[in-house]
Every structure is written in structure tokens, then in C-alpha cells.
Amino acid sequence: MQVFDLAKSTLRELNQALHNVQNGSNETAWEVLNPKGSHAVAAGVDAPISVDVRGSVGYYCGGMNSEATITVHGSAGPGVGENMMSGSIVVKGDASQYAGATGKGGLLVIEGNASSRCGISMKGIDIVVHGNIGHMSAFMAQSGHLVVLGDAGDALGDSIYEAKLFVRGNVKSLGADCIKKEMRPEHIAKLRDLLDRAGVKDVKPEEFTRYGSARTLYNFNIDNADAY
Amino acid sequence: MCGIVGLFLKDKSLEPQLGAMLSEMLVLLTDRGPDSAGIAIYGASQKDHGKLTIQSQQPARDFAGLEAELGKKIGASVTMLVKSTHAVLDVPRNKLEAARDAIAELRPDARVMGMGDTIEIYKEVGLPEKVAERFEVSKMSGTHGIGHTRMATESAVTTMGAHPFSTGPDQCLVHNGSLSNHNNVRRELKREGMTFETENDTEVAAAYLSHKISNGQDLGQALESSLSDLDGFFTFVVGTKNGFGVVRDPIACKPAVLAETDQYVAFGSEYRALAKLPGIDGAKVWEPEPSTVYFWEH
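As the structure is a computational prediction, the values presented were derived from the model and not from experiment. In every chain, residue numbers begin from 1 and rise along the written sequence. Chain letters and ligand numbers both follow the written order, the letters beginning at A and the numbers at 1. Residues qualify for local features only when their pLDDT is at least 70, as the model is predicted, and side-chain atom pairs are given and counted only at 80 or more; totals for whole chains, interfaces and linings, by contrast, use all residues. Side-chain measures were taken over the full set of non-hydrogen atoms in the model, leaving aside hydrogen atoms and water.

As a further point, take the interface of chain A and chain B. Only heavy atoms enter the contact rule, under which two residues are in contact if any of them lie within 4.5 Å. Listed as interface residues are 13 residues of chain A and, on the opposing side, 13 residues of chain B. Accessible area, probed at 1.4 Å, shrinks when two parts are joined; the buried area is that loss added up over both. Of the roughly 950 Å² buried between chain A and chain B, counting both surfaces, carbon and sulfur atoms make up 47%. When the buried surface of chain A facing chain B is broken down by residue, K36, Y59 and H135 of chain A rank first, second and third, together holding 41% of it. By definition here, a salt bridge exists when the distance from a side-chain nitrogen of Lys or Arg to a carboxyl oxygen of Asp or Glu is within 4 Å. Across the contact surface, chain A and chain B share zero salt bridges. Here a polar contact is recorded for every N or O atom pair within 3.5 Å, except that within protein the pair must consist of a potential hydrogen donor and a potential acceptor, and residues adjacent in sequence are included only if both atoms are side-chain atoms. Where chain A packs against chain B, one counts nine residue pairs in polar contact (both at pLDDT 80 or more). Basically, the charged four are Asp, Glu, Lys and Arg, the nonpolar ten are Ala, Val, Leu, Ile, Met, Phe, Trp, Tyr, Cys and Pro, and anything else, Gly included, counts as polar. Across the side of chain A that touches chain B, the residue classes tally to one nonpolar, nine polar and three charged.

As C-alpha cells, this is what we get:
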């Protein structure tokens, strides 16, 4: 286990060390102490390693993550897992705004609540939130899955493309062009797989409602001008 | 960007450390705004006494002999404590407004930063660490305080453009964001008799709240009204004699984190600002909801 104490070393040293890990390296397990809200902790990792962060982090933790398994044993600031490519990030506490924004792949799990704009412009990432999500989540979400065990705030899925949203609780309001959709067997199967991988037990896929695009705003139509 | 901090003490034993805790919180947010910094501290209330914080670009000239001249002019005993470019004048409470008007006459270049029973405001151009050192903020005790480090967007980098802004007795405001209708609101408030020192958007928000309060609203109601009348991006932290409040605009893209323990309520633009507070690991930490007024009072 490689241990990095941010009370003693700089963030730059930590991220450089993580970026230096070569494929096939034995240094596969890393631990970060005293993050104290630092920005960009373990951003840009590009190797199949595990990183355990002991405490709360600030902006952009695990941004652009590729292949790594990052666990934040605390809460995360804005933009956790922004533009993640693959691998997984688990936040044991809450996440601030725009968690998983523009993510292309991988799995982001928030065990607490996520704030506003969760999954904004997501492009293939899977996000599972054990608690609630805030307003404007999945805005212009293009593909991937957003699973919410609790409630969603205002304007869920505004101007959404082909991302699939599954909410177990209440949705305060839906955004423009986002509608409730039927749960077909393939959605149940996908949801079961996501819940499994996110460590969610005792919750059935059948308890969720699916939301997605009504596909009326894809091409500009003057009659829809007010909806944009 | 800009960084905001606020600290409201519930545990009296922490009061001697208020200035030190608040300056450390502000310094931790230095890279959110290196242009200027300011702090408002609410100290102990003294019976029948009030204070004015004034600022001058030429303190040696403006503060010399002011104690005696002001005392003579308002017919009361005045004591003055000079800290760098700022001076705090202690005057009888019923002479506060007379003292403010007298200072404008005696020292036309000096600016009143704030006045009231317990408020002291210090703000200058420069990094939070330098500003806090300059005014020895870490030695100050108090019941609550707010601070701001500025990345200027809407008006020039000057002492008067720094936060906190005070436009009413014991009231002050810090702001992260930018208001888009401040010119219009300023015009309306001027018509109602409010006066302005700068072209700054935040000063308009402070004057708006003071105007509402002077028309009979309490701070909570004034903050509620601001949600419909002020347009733009804002996270506000507001101080009054007895407490502090927090409100965010409906979009809430300007960050905000609150923490509460048995000893204090703390606000920070980021968790970083709170990370060194005592007992933070066991604190209740959350993000204030958009369009929701939060308020704590002694």
C-alpha cells in the first residue's frame, strides 16, 4: 500500500505519482490522508489501481478517471468524476453540484445525496445515487444511466438526449422534453446490474420509474422555440 | 469566483478566538479571490456605546487629532483606536449618527465602513493573509463574523469595492456572484433616498436589504424579498448585531457549505475553509438549498 499524506506532501506530488504508475506495476493500492477539501485529488489517473481517500475532497476529485477505482471516505465537492472515462468512483458521503458531469464511461456511486446538476451532459457514464439529487440534474444528458434511489429536484432531464434516468422516489418536476417512460424487461435487467454493481441491496428494479427524452427538441422547430 | 466565510459562535469559550478562526478560514480560500479581502467582526456590546469604523487613504493626516475634534463637535467623549488605514471610534450610542455626519465634515476624504453597537469592518486591497495581519484580526474576540476574499468582476479593485458592505447599523453583507439588475435597483433605491459610495453590485444588495429592514421587515423577510427583486447569481452571507444569515439564488451555482456543531455554525464557499475548525469531523455538514433563507441568532 502506497500512503500519501497531504499534510506532508503536496497535491502535485500525489497526482504526479499516480500518473507515473505504469501498466503492470505492483503499486496497485494507494491511500490518501488529510485531503481537507483539496481540489483535483486523484484527477487524471490512467491505470487500474485503487485509491482510497480518507476524508472529504474539494472540486474535481477523480476527474477524467480512466480504469482506477477511487473511494472517497467522506464527501466530495463540485464536479466529482467530471469527464470520467472508465473505472469507478465511490463517494461514501454526499456530493456537491455537477457530479459526473460530461462523464463518458465508468461507474460513479454516491452513497449519500448529490446536489444540483448531477450528471449534466453525461455521455455514457453510469451514476447511482443512494440518496436524493438536486435541481437541473441530467440536463442535456446524452447517454448512460442515472439511477436515483431517493427523490429528484426540479427540472430533471431538461433537454435530454438518449440517457436513461431511473428514479425510485418523487420527481419535483421534469425539464423540457423529458417524459416518464415504460420499464421494459431490458431496463429492469440493466437496472438490476447497476444496483448490484453499486452495492445496493434490498431494492428492486421494479420500484423505479424510467424517464427519458420525448425527442421533440432534437431538431429545431419554430413551434418549439419557447421550450428551449 | 470570490470566497466567503462566516462563523457564528454558540460556545462562549470560543469568543476570544473568533478573529483567529475566521481569518484562518478566509486565508484557506485565498485562491478563490486574490484582489481584496475584508472581515466584519461583531464584538462585545458596551452599555450605551456604539462604534464607527472609518478608513482613510491618508491615515496619518486624517486620524491626527480626530478624537478631540470629533468629541468637541458632537459634545461627547470619543476614544479612537487606529489600525493601519482604519480607525474605530467609540462614541455614545445616541451620538452615532451625529458622529457620522461630523466625520464627513471634519475629514471629507475618510469613509465610514460601518457603524453600530458591535460591528467593526476592516477591508483592503490585497491577499486575505496580508489584510488580516494588517488589522490584527486574529487577536480580535467576538460573537460572530463574516469575511470575503474578492475576485472582482462588476467594479474596480479598490478598498471601497471590497466586501463586506454595510449600509445600515450593525448590518453587513458579503456576496459571491454577480447581479445583473443592480443598475436598475440602484436607481430605484436612490429615489427612495439611499446613498451609494461605489458602482459595485454588492453594495446595491446591501442597500436593498437595509432599505427593506428600515421599512419594517426583519432580516429573514428582507432576504426572502431579495429572491424576487434581485436578478443574477448570488450566495449572500449577511451579518446583523445578533446573528448571521445565508441565502442562495434559485440556480445556486455559486458554491456554499454550512457546518454546525454544539459550538458553532460555520459557512464556507468550500469545505476547505471549514476543514480546520474544531470538531469538524463530527459536524453536520450540508449545502444550503437554493431560494432558502437560513438564519441563526443569539
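Quick look at the domain arrangement of chain B now. Residues and elements named next belong to chain B. By the assigned domains, chain B splits into domain 1 (3-45 + 136-297) and domain 2 (46-117). For the purposes of this description, domain bounds are those given by an automatic or database domain assignment. Taking only C-alpha atoms into account, the centre of domain 1 sits 24 Å from that of domain 2. Of the residues lining the interface, 12 residues belong to domain 1; the matching set on domain 2 comes to 12 residues. Between domain 1 and domain 2, roughly 980 Å² of surface is buried when both sides are summed, and carbon and sulfur atoms account for 45% of that area.

Residues and elements named next belong to chain B. Every buried residue of helix α4 (residues 96-106) is listed here: L96, A99, A102 and I103. The arc enclosing the buried residues of α4, seen along the axis, measures out at 120°, which places them on a common side. Exposed residues pointing more than 90 degrees away from the buried face of α4 are listed as A104 and E105. Working definition: helices are DSSP H or I runs of at least four residues, strands are E runs of at least two. Numbering for both runs from the N terminus. Residues of α4 that are buried in the fold lie against β3 (49-55), α3 (66-74), β5 (86-92) and β6 (111-116). Relative accessibility thresholds used throughout: buried, under 20% of the residue-type maximum; exposed, over 50%; partly exposed, between the two (1.4 Å probe, protein chains only). The arc in question is the one traced by the directions running from the helix axis out to the C-beta atoms.

Turning our attention to the UniProt feature "domain: Glutamate synthase alpha subunit C-terminal" (unreviewed entry) in chain A. UniProt positions are given in the numbering used here, feature names are shortened, and annotations may be inferred rather than shown by experiment. The positions that UniProt labels "domain: Glutamate synthase alpha subunit C-terminal" (unreviewed entry) are, in the present scheme, residues 43-184 of chain A. Helix makes up 0% of residues 43-184 of chain A and strand 27%, with an end-to-end C-alpha separation of 37 Å.

Moving on: a nonpolar patch on the surface. Residue and element names in this part refer to chain A. Each patch is built from salt-bridge-free residues with over 30% relative accessible area, joining like charges within 9 Å and nonpolar side chains (Val, Leu, Ile, Met, Phe, Trp, Tyr) within 5 Å. Per-residue and other accessible areas follow the Shrake-Rupley method at a 1.4 Å probe size, with only the shown protein chains counted as cover for residues. Side chains of M140, Y161 and Y218 sit close together on the surface and give an oily, nonpolar patch of about 250 Å² of accessible area. Mapped onto the fold, M140 is located in the loop between β7 (123-129) and β8 (143-148). Among the residues examined, M140 registers a relative accessible area of 32% and is labelled partly exposed.

So, about the nonpolar core. The definition of a nonpolar core used throughout is a set of buried Ala, Val, Leu, Ile, Met, Phe, Trp, Tyr and Cys residues joined through side-chain atoms within 4.5 Å. Counting 49 residues, the largest nonpolar core has I49, V51, V80, L108, I133 and L146 of chain A as its most contacted members. Non-local contacts of V80 of chain A, meaning those with residues more than four positions away in its chain, are made with C61, I89, V91, A95, Y98, A99, G100, L108 and I110 of chain A. Among the nonpolar cores identified, the runner-up in size contains 31 residues, and A37, V131, L274 and L277 of chain B belong to it.

The next thing to look at is the pairing of strand β8 (residues 144-150) of chain B. All names here are of chain B. For β8, a buried count of seven out of seven residues is recorded, marking the element as mostly surrounded by other parts of the structure. The alternating pattern of β8 places H144, I146, H148 and R150 on one face and G145, G147 and T149 on the opposite face, and all of these are buried. Any two strands between which DSSP finds at least two bridges are classified as paired. Pairing of strand β2 (residues 36-42) with β8, which is carried by seven bridges, proceeds in the antiparallel orientation. Opposite Y42, over in β8, you have H144 as the bridge partner.

The pairing test for Phe, Tyr and Trp rings, Trp by its six-membered ring, is centres within 6.5 Å, and the orientation test on the planes gives stacked under 30 degrees, edge-to-face over 60, and tilted for anything in between. The final tally for this structure, using the stated rule, is nine aromatic pairs over all chains. Centre to centre, the rings of Y60 of chain A and Y98 of chain A are 6.4 Å apart; their planes meet at 35°, and the pair counts as tilted. Highlighted residues: Y60 of chain A in the loop between β3 (50-54) and β4 (69-72) and Y98 of chain A in the loop between β5 (88-91) and β6 (107-110), separated in sequence by 38 residues. Overall, the relative accessible area of 33% leaves Y60 of chain A in the partly exposed class. Among the aromatic residues, those joined into a cluster by ring pairs are F8, F244, W286, Y294 and W296 of chain B. The rule is short: NZ of Lys or CZ of Arg within 6 Å of the ring centre and within 35 degrees of the ring normal puts a charge over the ring. For the cation-ring pair, K123 of chain B lies above F165 of chain B, with the distance from its terminal atom to the ring centre recorded as 4.3 Å. The cationic tip of K284 of chain B hangs over the ring face of W286 of chain B; the distance from NZ or CZ to the ring centre is 4.2 Å.

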